[in-house]
Amino acid sequence: MAAIVAFILFGIGILALVLRRDLVIKLLALGMINAASILFFISIGDRQGARSPIQLPGDTAILVDPLPQALVLSAIVVNFAILALALVFVMILCERYHSTDSTRIEQEIAREIDVEETPCL
Amino acid sequence: MKRMHVRTLLAVGIVAAFAGLVALSYVQTAPDPADSQYYLARPLSETGASNRVAGIYLNYRLIDTLLEVLVFSVAVLGVRYYLRKSDNIDLPDLSESEVVQTAVSFLSPLALLLCMFFAIFGHISPGGGFAAGVIAASALLYVAIAYGMTATEARWDPRRLAFAEKAILLSLLIFILVPAFVGKSPLTDLLPKGTPGDLLSSGSILIYNMLIAAKVFIGAWLVIAAFALHRGEL
């Protein structure tokens, strides 16, 4: 069940990432994709009636698989790093072109290149 | 309009391809329940940590965690580099009302206490260095919101903390490498493992957790401060 929710969230994230033109929305979609993959990993480790993986000596209860949880930690940290850096670049772009619309920024850059190249011709 | 259709098709194609790929791999090699018991089947005394997740990421996969900390440091470095202040603008004093200040002066010590609990008991209960550091940084964020960035920055100077962050990173690296030089098995075998469930168990994991908590706390605060100071105020 959780895996299906994760797939749906992942799909929404990819769609927003490709279709929306606002860079901030794109970053939010990236965060959503990350959350979906975390949910998927955690759901893989789950078992029927299992407890969290805290074990004392002599404890024989069924535990969830700790490996996906340990791996997810990397995903969270890397996601934080990517989002923080990408947000900085969006801020720089926004300060320079006064827009967070990716298409408009592309047009502005194309115009800048044209202006730079005109004197050479 | 036509370009929009192409983009939609592209996106739907990517999603469908990904879903098909995962479904195919899931059908062909469905996870074996025995595989998921691989780490749980190993004796608890091997790492000494009752928190099996901490045992994995701070013992079996310590290098992975070390590189994670490095990735975090690089991100902090990048954010600080690209958002460095070009000129010293006079920040307006934007502290919040007394209600917010009172609430924060009650809440942030609790959050700092929770940070210490997570860092110190991370190997025997839920928690760990990364979560602890983020909690402490958010406690400081509350303070910055309530009392204004200028006052908070004066007390928690980002320049001095950036030096402390690098010092903690270096000490973490040295502490991980020391066992290799004194003839113990590399990376993890410096301190005795102890009885699982005790506070002083699981060897070096306690120290790793505390160092990582300090590192993540300072790093996250540096990121927050860089964003806030670039913008002017919170």
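Scroll up to find the structure this text is about.
Residues numbered from 1 in each chain as written. Chains lettered and ligands numbered in written order. Predicted model: local features only at pLDDT ≥ 70, side-chain atom pairs only at ≥ 80, totals over all residues. Heavy atoms only, no water.

J.: Any details on the overall build of chain A? Residues and values, ideally.
T.: When helices and strands are counted, chain A shows four helices and zero strands. Its helices and strands taken in sequence order, chain A reads α-α-α-α from the N to the C terminus. Against the 2.2 N^0.38 benchmark of 14 Å for 121 residues, chain A shows a C-alpha radius of gyration of 22 Å, more extended than a compact globule. Its C-alpha atoms give chain A principal-axis dimensions of roughly 80 × 25 × 20 Å. The buried share of chain A, taken over its 121 residues, is 35%. The long-range share in chain A, meaning contacts at least 24 apart out of those at least 6 apart in sequence, stands at 47%. Of the roughly 7000 Å² that chain A leaves accessible, carbon and sulfur atoms contribute 68%. Each charge class in chain A can be summarised by its mean position, and for the 8 positive and 12 negative side chains these summaries are 7 Å apart. (Helix = DSSP H or I, 4+ residues; strand = E, 2+ residues; numbered from the N terminus. Rg over C-alpha atoms; globule rule 2.2 N^0.38 Å. Buried < 20%, exposed > 50% of the residue type's maximum accessible area, 1.4 Å probe, protein only. Contact = heavy atoms within 4.5 Å. Areas by Shrake-Rupley, 256 points an atom, 1.4 Å probe, with all protein chains shown as cover. Lys, Arg positive; Asp, Glu negative; His and termini not counted. Charge placed at Lys NZ, Arg CZ, Asp CG, Glu CD.)

J.: Any chance you could break down the interface of chain A and chain B for me, citing the residues and the numbers?
T.: With 40 residues of chain A at the contact, the number on the chain B side is 40 residues. Taking both sides of the interface into account, the surface hidden between chain A and chain B amounts to around 3500 Å²; carbon and sulfur atoms contribute 79%. Run the count over chain A and chain B and you get zero salt bridges. Between chain A and chain B we count five residue pairs in polar contact (both at pLDDT 80 or more) in total. It is helix 3 (residues 66-97) of chain A that provides the largest number of residues to the side of chain A that touches chain B, a total of 19 residues. By residue class, the composition of the side of chain A that touches chain B is 29 nonpolar, five polar and six charged. (Buried area = accessible area lost by both parts, 1.4 Å probe. Salt bridge = Lys/Arg side-chain N within 4 Å of Asp/Glu carboxyl O. Polar contact = N/O pair within 3.5 Å; in protein donor to acceptor, adjacent residues only side chain to side chain. Nonpolar A, V, L, I, M, F, W, Y, C, P; charged D, E, K, R; others polar.)

J.: Explain the packing of aromatic side chains to me, and be specific about the residues and the numbers.
T.: For any pair of aromatic rings, the description consists of the separation of the ring centres together with the inter-plane angle of the planes. Per the counting criterion, the structure on display carries 10 aromatic pairs over all chains. Judged by centre distance (5.3 Å) and plane angle (45 degrees), the rings of A:Phe7 and A:Phe40 are tilted. Linking A:Phe7 in helix 1 (residues 2-19) with A:Phe40 in helix 2 (residues 23-45), this pair joins segments that are 33 residues apart in sequence. Overall, the relative accessible area of 30% leaves A:Phe7 in the partly exposed class. A ring pair is formed by B:Tyr57 and B:Phe130, whose centres lie 6.4 Å apart and whose planes are at 50 degrees; its orientation type is tilted. In this pair, B:Tyr57 sits in helix 3 (residues 52-60) while B:Phe130 sits in helix 6 (residues 129-147), placing the two residues 73 residues apart along the sequence. Given the relative accessible area of 7%, B:Tyr57 is considered buried. By way of ring pairs, the aromatic residues A:Phe89, B:Tyr81 and B:Tyr82 are connected into one cluster. (Phe/Tyr/Trp six-rings, centres within 6.5 Å; stacked < 30°, edge-to-face > 60°.)

J.: Describe empty space enclosed by the protein, naming the residues involved and giving the relevant values.
T.: Residue and element names in this part refer to chain B. As enumerated under the stated definition, the model contains two cavities of 30 Å³ or more in all. Taken as a whole, the largest cavity holds about 50 Å³ of empty space. Top contributing element to the lining of the largest cavity by residue count: helix 3, with four residues. Among the residues making up the lining of the largest cavity, the classes are represented as five nonpolar, two polar and one charged. (1 Å grid on protein atoms, 1.4 Å probe; cavity = no way out; pocket = protein on both sides within 12 Å on 5 of 7 lines; lining within 4 Å. Points joined across faces, edges and corners; volume = space filled by probe spheres on them.)

J.: Describe the environment of B:Ala136, naming the residues involved and giving the relevant values.
T.: Residues and elements named next belong to chain B. In this structure, Ala136 sits in helix 6. A residue is classified by how much of its surface remains accessible, and Ala136, at 2% relative accessible area, is buried. Sequence separation between Ala136 and Trp221 is 85 residues; the distance between their C-alpha atoms is 8.8 Å. Leave out the neighbours within four places in its chain, and Ala136 touches Leu112, Cys115 and Phe217.

J.: Report on the pattern of salt bridges, specifying residues and quantitative values.
T.: Residues and elements named next belong to chain A. Counted by the stated rule, this structure contains five salt bridges over all chains. We note a salt bridge from Glu108 to Arg111, for which the minimum N-O separation is 3.8 Å. With a gap of three residues between them, Glu108 and Arg111 both fall in helix 4 (residues 102-117), about one helical turn apart.

J.: Could you give an account of the environment of B:Thr152, with specific residues and numbers?
T.: Residues and elements named next belong to chain B. Checked against the element boundaries, Thr152 lands in helix 7 (residues 149-155). For Thr152, a relative accessible area of 4% gives the class buried. In this view, Thr152 contacts Leu140, Val143, Ala144 and Trp221; residues no more than four positions away in its chain are not counted.

J.: Explain the packing of helix 1 of chain A against helix 2 of chain A to me, using residue names and the numbers behind them.
T.: Residue and element names in this part refer to chain A. With their axes 8 Å apart at the nearest point, helix 1 and helix 2 run at an angle of 160 degrees to one another. The angle between helix 1 and helix 2 falls in the class roughly antiparallel. Here helix 1 and helix 2 pass one another in a crossing that is left-handed. Looking at side-chain class alone, the contact of helix 1 with helix 2 contains 19 nonpolar, two polar and one charged residues. (Axes fitted to C-alpha atoms, helices over the stretch in contact; angles between N-to-C directions. Parallel < 35°, antiparallel > 145°, perpendicular 65-115°, else oblique. Left-handed = near helix turned anticlockwise from the far one by under 90°.)

J.: Talk me through a nonpolar patch on the surface; I want residue IDs and the actual numbers.
T.: Residue and element names in this part refer to chain A. Taken together, Met1, Ile4, Val5, Ile8 and Ile12 make up a surface patch of nonpolar side chains, about 500 Å² in accessible area. Looking at the secondary structure, you find Ile12 in helix 1. A relative accessible area of 42% means that Ile12 is categorised as partly exposed. (Patch = residues over 30% accessible without salt bridge, like charges linked within 9 Å, V, L, I, M, F, W, Y side chains within 5 Å.)

J.: Account for the packing of helix 2 of chain A against helix 3 of chain A, with residues named and values stated.
T.: All names here are of chain A. The geometry of helix 2 relative to helix 3 is characterised by a closest axis approach of 10 Å and an angle of 180 degrees between their N-to-C directions. Classified by the interaxial angle, the pair formed by helix 2 and helix 3 is roughly antiparallel. Its residues assigned to classes, the contact of helix 2 with helix 3 comprises 18 nonpolar, five polar and no charged.

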